[in-house]
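Each chain is listed here by its residues.
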Amino acid sequence: MPKALITGITGQDGSYLTELLLEKGYEVHGVVRRTSSLDRSRLKHLHGDTSVYNQRLFLHYADLDDPTTLRRVLVKVAPDEIYHLAGQSHVGLSFEIPESTCDSTAMGTLRLLEIVRDLPKLPRLFHASTSEIFGRPAAAPQDENTPRNPVNPYGCAKAFATQMVSIYRQNYGLFACNGIMYNHESPRRGENFVTRKICRAAAAIKLGLQKELVLGDTSAQRDWGYAGDYVNAMWLSLRHKEADDYIFATGILHSVSDVVTLAFAAAGLSHADHVKQDARLMRKT
């Protein structure tokens, strides 16, 4: 039974990846932070299954800013594969907490790489990178060789982490892949991300629990995929004979306005009656 260790297991991607790996016969270990909250909502259905939890799914307390605990878990588990998904990933929030974003996302990845290269059995490593490393690219569409030009703290932190993964692959022989992922969504997406914010608002307005939805730039466009597809791509990236970097995207753009129109139509509402724009939610970049 192959062993996999997932950082960020309680997130959107972590929960879908856990399900995928369990279906494929893996023993899955997840790294979780010790906090006052025991909320594991995205893993609740697995946590409550006695045939899975503590049988084939195990959670370990560790943190990316605490290399001692992280090293202890990695040595104990001795995984065949590591999926590094953890880190502060909200672009807007990264402007509010740039230092902690860079510490968890950039330095956290470096700490993990340093531990991995010292392990007696080298695991295969997948690092969840992001299209935010490209910022405002001069060419479209982008590919794995498009120059990095991040325009927000999150993208900058991820650009550092992505390059470090490449450096450790080239210099220490690690089987380490970067998955440069464009936006990907699901019902498990965090409620502070715009897709979930829109869908929840449409439902709440329909139920009379909310009166309006306030958004920033609704003309902004993104390549939105489905998280369930992207975690399958993570697994596939570690199946190759040689490690490499990959773009995960659909190749199709949609605007925030498109999401608004679809969500409110599904709720039987006219978005024009309920959606307002607020200049304070507009980003300069």
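See the structure above.
Notes on the structure follow. (Residues numbered from 1 in each chain as written. Predicted model: local features only at pLDDT ≥ 70, side-chain atom pairs only at ≥ 80, totals over all residues. Heavy atoms only, no water.)

1. Some points on the overall build of the protein
Looking only at helices and strands, the protein features nine helices and 13 strands. Here the C-alpha atoms of the protein give a radius of gyration of 19 Å, agreeing with the 19 Å that 2.2 N^0.38 yields for 285 residues. Overall, the protein is about 60 × 50 × 35 Å in size when its C-alpha atoms are taken along their principal axes. Residues classed as buried in the protein amount to 48% of the 285 residues present. At a minimum sequence separation of 6, the contacts of the protein that also span at least 24 residues come to 75%. Surface summary for the protein: the accessible area is close to 14500 Å², and the carbon and sulfur share equals 52%. For the protein, the distance from the average position of its 33 positive side-chain charges to the average position of its 31 negative side-chain charges is 3 Å. (Helix = DSSP H or I, 4+ residues; strand = E, 2+ residues; numbered from the N terminus. Rg over C-alpha atoms; globule rule 2.2 N^0.38 Å. Buried < 20%, exposed > 50% of the residue type's maximum accessible area, 1.4 Å probe, protein only. Contact = heavy atoms within 4.5 Å. Areas by Shrake-Rupley, 256 points an atom, 1.4 Å probe, with all protein chains shown as cover. Lys, Arg positive; Asp, Glu negative; His and termini not counted. Charge placed at Lys NZ, Arg CZ, Asp CG, Glu CD.)

2. Topic: the environment of Asn183
Mapped onto the fold, Asn183 is located in the loop between strand S6 (176–181) and strand S7 (184–185). The sequence separation of Asn183 and His240 amounts to 57 residues, and the corresponding C-alpha distance is 24 Å. Apart from the residues within four sequence positions on either side, Asn183 is in contact with Ser131, Arg189, Arg222, Asp223, Trp224, Gly225 and Tyr230.

3. Let's talk about the sheet that holds strand S1 (residues 3–7)
Pairing is parallel in the open sheet, where seven strands are placed in the order S3-S2-S1-S4-S5-S6-S11. Of all strands in the sheet, those bounded by a partner on one side alone are strand S3 (57–61) and strand S11 (245–248). If you compare each strand with its neighbour and ignore which way they point, the axes differ by 20° on average. Relative to the sheet, helix H6 (residues 153–172) contacts strand S5 (124–130), S6 and S11, its axis offset from that of S5 by approximately 155°. (Pairing = 2+ DSSP bridges. Axes fitted to C-alpha atoms, helices over the stretch in contact; angles between N-to-C directions.)

4. Remarks on the packing of helix H5 (residues 98–116) against H6
Where H5 contacts H6, the two axes come as close as 8 Å, and the packing angle between them is 10°. With respect to each other, H5 and H6 are oriented roughly parallel. The residues of H6 that touch H5, namely those facing Pro98, Thr101, Cys102, Thr105, Ala106, Met107, Thr109, Leu110, Leu113 and Glu114, are Pro153, Tyr154, Ala157, Lys158, Phe160, Ala161, Met164, Val165 and Tyr168. Its residues assigned to classes, the contact of H5 with H6 comprises 14 nonpolar, three polar and two charged. (Parallel < 35°, antiparallel > 145°, perpendicular 65-115°, else oblique. Nonpolar A, V, L, I, M, F, W, Y, C, P; charged D, E, K, R; others polar.)

5. Some words on the packing of aromatic side chains
Considering all chains together, one arrives at five aromatic pairs under this definition. Centre to centre, the rings of Tyr168 and Tyr172 are 4.9 Å apart; their planes meet at 50°, and the pair counts as tilted. Here Tyr168 pairs with Tyr172, and both are found in helix H6, just four residues apart, close to one helical turn. For Tyr168, a relative accessible area of 7% translates into the label buried. Judged by its relative accessible area of 40%, Tyr172 is partly exposed. For the pair Tyr230 and Phe248, a centre-to-centre distance of 6.2 Å together with 90° between the ring planes defines the contact as edge-to-face. Of the two residues, Tyr230 sits in helix H8 (residues 227–237) while Phe248 sits in strand S11, which places them 18 residues apart along the sequence. You can call Phe248 buried: its relative accessible area is 6%. Through successive ring pairs, a cluster of aromatic residues spans Tyr83, Phe126, Tyr230 and Phe248. Here Arg124 stacks its cationic end above the ring of Phe175, 3.7 Å away from the centre of that ring. The ring of Phe193 has Arg189 lying over it, and the distance from NZ or CZ to the ring centre is 3.7 Å. (Phe/Tyr/Trp six-rings, centres within 6.5 Å; stacked < 30°, edge-to-face > 60°. Lys NZ or Arg CZ within 6 Å of the ring centre and 35° of its normal.)

6. Some words on unusual backbone geometry
The linkage connecting Ala140 with the following residue, Pro141, adopts the cis geometry, with an omega of 0°. Mapping Pro141 onto the fold places it in the loop between S5 and H6. Not every positive phi belongs to a glycine, and Asn54 is a case in point at roughly 65°. Position of Asn54 relative to the elements: it lies in the loop between helix H2 (44–47) and S3. You can call Asn54 partly exposed: its relative accessible area is 46%. A positive phi is found at Ala78, a non-glycine position, where the angle reads about 50°. On the accessibility criterion, Ala78 (32% relative accessible area) is partly exposed.

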